[in-house]
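Structure assessment
Below, each chain spelled out in residue letters.
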Number of protein chains: 2
Amino acid sequence: SKQCAQRYAMIGDLLSNGEHDIVLLQEVWSEKDFLGLKKKLAFSHPHSHYFKSGVIGSGLAIFCKHRIHDTFLYRYSLNGYPYMAHHGDWFGGKAVGMAIIQIGNLTANVYVTHLHAEYCREKDSYLPHRVVQAWELQQFIRHTSAGADAVILGGDLNMHPQDLGTRLLRSYTGLRDAYLETSQFDGCEDGMTLIADNPFINKKELVPFEKGIRIDYILFKGSQKAEVHCDFMYTTKGSVPEKPFPYSDHEALTADLRLKPLIAQGTTHDNNDSSKVAELVDILTEARTEVKVGLHCAERMRYTATRTGIMGLALLILELAIAAVPWLALGAEQPFPRTSFYLLAALCCTILITTFLLYLFYTMELKSLQGAEDQMRLAVGGLQERLRGVSVDHTPLRKPPEGEEPSAFDTEK
Amino acid sequence: SKQCAQRYAMIGDLLSNGEHDIVLLQEVWSEKDFLGLKKKLAFSHPHSHYFKSGVIGSGLAIFCKHRIHDTFLYRYSLNGYPYMAHHGDWFGGKAVGMAIIQIGNLTANVYVTHLHAEYCREKDSYLPHRVVQAWELQQFIRHTSAGADAVILGGDLNMHPQDLGTRLLRSYTGLRDAYLETSQFDGCEDGMTLIADNPFINKKELVPFEKGIRIDYILFKGSQKAEVHCDFMYTTKGSVPEKPFPYSDHEALTADLRLKPLIAQGTTHDNNDSSKVAELVDILTEARTEVKVGLHCAERMRYTATRTGIMGLALLILELAIAAVPWLALGAEQPFPRTSFYLLAALCCTILITTFLLYLFYTMELKSLQGAEDQMRLAVGGLQERLRGVSVDHTPLRKPPEGEEPSAFDTEK
């Protein structure tokens, strides 16, 4: 739409001064908008990538001053239901995108993601899906960031700071929340990014959080080769001066991160202390419960689909039998009005096809939920063992790299 | 089926002597079979994981003597078509599974995968899908193995040794083929794993490779912390003595890998030499061409679906118009036989629904193909730049880790 194009033009103006090293966007639903932005930011941010996924997605884009060396996309195994077309998340093909960039002598893995939206906090039928997405997100970050000196995640997580998924993500990966870590902050109260003042927002949906909620995050962590600090963080504050509407339905987040190369010395961080591991076990147990709730729900849905399908089949057979009787007894009059016969047959076939497709879909959902639950169980087992043996031997999942030679790095913003 | 259960019992007998440290299976299509094997191997291989994906898959399983610390599953973005039900690959939810295990002091990342089957080599409509799967497989391995001391991949790649996907995978990851590297080999001619003698195989499908083909692989690589050597490799040779049928439709591969911890010294491997990079650029260019062929094909299919849908809609409107004319002119007789009216309407609706679903599916396919092509283009650009600057500065995608302190490791088989 025209408004949308105008908003992208505004975003382009905002960014083209080149103040931001890395720009992460989550809702670029059309490649045309991406290409428009790319053109506008050609000088300030010569490197960019748009992650493609799903029917209209993934919506994820990155613009960067630094060269993007490599990219990788992980599509979440669960992401809502295609028949919930008015929610549209399924069509967006939600995913997490990774870009590897080189900042001076440091390698940074930058992640951008957008999780399934929450439409009703009281009765959130998408909660198991979002928990599995958070689980897969932490797995993806943990497993792909072993070679990175710094890790940055920016995204619309659609989860409050104390929600299960947020805790799971932060505990497992060790990522730190820029809002909580920053030395200085300027922006909406409590770092809220979805505020009631926004004209694109339906205020009713925010109840009971009248002022707004914080669901967009910048998370980061360093490594044995670099420390990361957040010096300053700010959010946009609703309406843009002299503009007809705000940039987006969410407030934009900006963080000034300072990367400080480290002279490596043995083991600096000990992420294996038992209180943290115990906390992680608790979070994982909670996550497993949530996934099990989702499993029961998906099983019930599949059962309903099966039963409806069988009823449709029975109805079709019954109808054919009734119609066949006078047809077999030649000459006897057809007791069935033709119109109803064909309408009923069409209905039965529709039911059969729909329930078959639903059966397939729920089976896949079940597999994904079971798979996540299996992996979580394995993880809990490992953590509990570590907890029992924590005073005996320190065996981290990944051996900490051995001490490394001192080397000189440039400090980069 | 009974035969299937018997075959799993035979496999269990074969493995339960505990000769194999790690067992990777690709076609365990039922969890019941997995649990049966697990029970049988409880003593010899106490650690196991079954990867769940798709409707009936993923079929991937790992049994291991060593503790599995962590697992992760990546589902390929493209994997055939759901309406090609007789091929069944889509329902299998093909993926690559990863398990992180600790062997002595070394961390090994073990991958197991199964790519889309090839049903007709002359006119292989799944080739773009398989190339994208090989692309995603190499991405997954490269990005998740930075922290590993040794990498092992076992799987049914459904590609010949010189096929594009195999070359792409090997060149990009630096994985070495156990069959080519082994000091000793005992097994089928040319390491074939799909042989004409196998009773489950349709010999006609093998033409023009009358004796068989090699499509199952064990690939491996070491790191700066460990060298990996293949001392011995063998395959089963068709029928099992004193058994009614062979273990599977493929021959089983076994490799004796020797892990040798290294005293790390600066940069041991230089994977950046220009001839290798140039070769990789050629392979990537070929892969991009293949993906573009797939893109055109998917675009044509989507176009056909759209056109068919529009025709269905036009037909429905026309039919309703014809029916409406006498209905509006009250009393005039209905010129349309009722039966044909309802049949035609049902046909139109079926066409509309089907083409709509196909449109969605092809759009997703297009996105995935475009995404892979974008990433390949980025990769080629980076490699070409490296090639041009190869004599000026050595900037590898990942910085080689700095020299590490010498440390003592135990040698493990």
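Residues numbered from 1 in each chain as written. Chains lettered and ligands numbered in written order. Predicted model: local features only at pLDDT ≥ 70, side-chain atom pairs only at ≥ 80, totals over all residues. Heavy atoms only, no water.

1. Topic: the pairing of strand S12 (residues 216–221) of chain B
Residue and element names in this part refer to chain B. When you tally the buried positions in S12, you get six out of six residues, the bulk of the element. By the alternation rule, side chains of S12 split into Asp216, Ile218 and Phe220 and Tyr217, Leu219 and Lys221, which are all buried. Relative to S12, strand S7 (residues 150–156) runs antiparallel, the two being bridged by six bridges. Looking at S12, one finds that Gly155 is bridged to Tyr217. (Buried < 20%, exposed > 50% of the residue type's maximum accessible area, 1.4 Å probe, protein only. Helix = DSSP H or I, 4+ residues; strand = E, 2+ residues; numbered from the N terminus. Pairing = 2+ DSSP bridges.)

2. Considering the sheet that holds strand S12 (residues 216–221) of chain A
Residue and element names in this part refer to chain A. With respect to topology, six strands assemble into an open sheet ordered S4-S5-S6-S7-S12-S8, the strand pairing being mixed. The open sheet is flanked by strand S4 (68–75) and strand S8 (176–177), the only strands paired with a single partner. The sheet contact formed by strand S6 (residues 106–114) and strand S7 (residues 150–156) spans seven bridges and is parallel. Residue Tyr111 lies in a different strand from S7, and its bridge partner there is Leu153. Contacting S4, strand S5 (95–103), S6 and S7, helix H4 (residues 127–144) runs over the sheet at an angle of about 165 degrees to S6. (Contact = heavy atoms within 4.5 Å. Axes fitted to C-alpha atoms, helices over the stretch in contact; angles between N-to-C directions.)

3. Regarding the relation of the copies chain A and chain B
Each copy of the sequence occupies a distinct position, and chain A is placed on chain B by a rotation of 180 degrees and an axial shift of 0.0 Å, giving an RMSD of 0.1 Å. With respect to symmetry, the two chain copies, as superposed, fit the operation of a two-fold axis. Looking at the rotation axis and the C-alpha trace of chain A, the residue lying nearest is Thr144 of chain A, at 2.3 Å. Most of the interface of chain A is mirrored in chain B, where 100% of its interface residues again form contacts. (Least-squares fit on C-alpha atoms with pLDDT ≥ 70 in both.)

4. Describing the pattern of salt bridges
All told, the structure shown has 45 salt bridges over all chains when counted by the stated rule. Close ionic contact of Glu31 of chain A with Lys52 of chain A constitutes a salt bridge, the shortest N to O distance being 3.4 Å. Note that Glu31 of chain A is positioned in helix H2 (residues 31–40) and Lys52 of chain A in the loop between strand S2 (47–50) and strand S3 (61–64), a separation of 21 residues in sequence. Overall, the relative accessible area of 31% leaves Glu31 of chain A in the partly exposed class. With a relative accessible area of 5%, Lys52 of chain A lands in the buried category. In this structure, Arg121 of chain B engages Glu118 of chain B in a salt bridge whose closest nitrogen and oxygen atoms are separated by 3.1 Å. Each of the salt bridges in this network shares a partner with another, and the network as a whole consists of Glu31 and Lys52 of chain A together with Arg288, Lys292, Glu373, Asp374 and Arg377 of chain B. (Salt bridge = Lys/Arg side-chain N within 4 Å of Asp/Glu carboxyl O.)

5. Description of the nonpolar core
Counting residues in hydrophobic clusters, the biggest one holds 88 residues, and the most contacted among them are Leu284 of chain A together with Leu284 of chain B. Filtering out sequence-adjacent residues up to four positions away, Leu284 of chain A remains in contact with Trp135, Leu168, Tyr172, Met376, Ala379, Val380 and Leu383 of chain A. (Core = buried A, V, L, I, M, F, W, Y, C linked by side-chain atoms within 4.5 Å.)

6. Quick notes on the confidence of the model for chain A
Residue and element names in this part refer to chain A. On average, residues of chain A carry a pLDDT of 87, and 90% of them reach 70 or more. Low pLDDT, under 50, characterises residues 391–413; the predicted model gives this stretch 58 contacts beyond four residues in sequence or across chains. Interface scoring of the predicted complex returns ipTM 0.86; its pTM is 0.87. (pLDDT = per-residue confidence, 0-100.)

7. Things to note about the sheet that holds strand S13 (residues 226–235) of chain B
Whether parallel or antiparallel, the strands of a sheet pair through hydrogen bonds between backbone atoms. Residues and elements named next belong to chain B. In space, the three strands of this open sheet follow the order S9-S13-S14, with mixed pairing throughout. Bordering the open sheet on either side are strand S9 (184–186) and strand S14 (253–261), each of which pairs with just one other strand. Here the strands of the sheet are splayed against their neighbours by 25 degrees on average, with no regard to which way each runs. When S9 meets S13, the two strands line up parallel, connected through three bridges.

8. Points about the interface of chain A and chain B
Taken together, the contacts link 67 residues of chain A with 67 residues of chain B. Each partner contributes to the roughly 5800 Å² buried at the junction of chain A and chain B, and carbon and sulfur atoms together form 56% of this total. Run the count over chain A and chain B and you get eight salt bridges. Viewed at the interface, chain B and chain A are joined by 14 residue pairs in polar contact (both at pLDDT 80 or more). Mapped onto the side of chain A that touches chain B, the elements with two or more residues apiece are S2, S4, helix H3 (89–92), S5, S6, H4 and helix H9 (338–388) of chain A. Counting residues per element, the side of chain A that touches chain B draws most heavily on H9 of chain A, which supplies 19 residues. (Buried area = accessible area lost by both parts, 1.4 Å probe. Polar contact = N/O pair within 3.5 Å; in protein donor to acceptor, adjacent residues only side chain to side chain.)

9. Some points on H2 of chain A
Residue and element names in this part refer to chain A. Those residues of H2 that fall on the buried side of the exposure criterion are Asp33, Phe34 and Leu37. One side of H2 holds all its buried residues, which, seen down the axis, span an arc of 100 degrees. Among the exposed residues of H2, those pointing more than 90 degrees away from its buried face are Lys32 and Lys39. Those residues of H2 that are buried are in contact with helix H1 (2–15), strand S1 (22–25), S2 and S3. The N-cap of H2, judged by a side-chain oxygen 3.1 Å from the amide nitrogen of Lys32 a few residues on, is Ser30. (Arc of directions from axis to C-beta.)

10. Quick notes on the domain arrangement of chain A
How large an interface is tends to be reported as the accessible area lost when its parts come together. Residue and element names in this part refer to chain A. With domains assigned, chain A is organised as domain 1 (3–264) and domain 2 (275–392). On a C-alpha basis, the centroid separation for the pair domain 1 and domain 2 is 33 Å. Put simply, domain 1 and domain 2 have one salt bridge between them. Salt-bridge contacts for Glu286 lead to Arg167; the nearest nitrogen and oxygen are separated by 3.0 Å. (Domains from an automatic or database assignment.)

11. Focus: the packing of helix H8 (residues 274–328) of chain A against H9 of chain A
Residues and elements named next belong to chain A. Two numbers describe how H8 lies on H9: the axes approach to 7 Å, and their chain directions differ by 160 degrees. With respect to each other, H8 and H9 are oriented roughly antiparallel. The chirality of how H8 crosses H9 is left-handed. Partitioning the contact of H8 with H9 into residue classes produces 32 nonpolar, 11 polar and nine charged. (Parallel < 35°, antiparallel > 145°, perpendicular 65-115°, else oblique. Left-handed = near helix turned anticlockwise from the far one by under 90°. Nonpolar A, V, L, I, M, F, W, Y, C, P; charged D, E, K, R; others polar.)

12. Brief notes about the side chain of Ser53 of chain B
Examined against the element boundaries, Ser53 of chain B turns out to sit in strand S2 (residues 47–53). Given a relative accessible area of 2%, Ser53 of chain B falls into the buried group. If we ignore the near neighbours within four places in the chain, the residues touching Ser53 of chain B are Lys367 of chain A together with Ser58, Leu73, Arg75, Gly92 and Gly93 of chain B.

13. A few points about the UniProt feature "transmembrane region" (unreviewed entry) in chain A
UniProt marks residues 310–329 and 341–362 of chain A with the feature "transmembrane region" (unreviewed entry), using the numbering shown here. The span residues 341–362 of chain A is 100% helical and 0% strand by assignment, and the distance between its end C-alpha atoms comes to 31 Å. (UniProt positions renumbered as here; feature names shortened; annotations may be inferred.)

14. Considering unusual backbone geometry
All names here are of chain A. With an omega of 5 degrees, the peptide bond between Gly57 and Ser58 qualifies as cis. Its location among the elements puts Ser58 in the loop between S2 and S3. You will see that Asn158, though not glycine, has its phi angle at about 55 degrees, which is positive. Structurally, the position occupied by Asn158 is in the loop between S7 and helix H5 (164–173).

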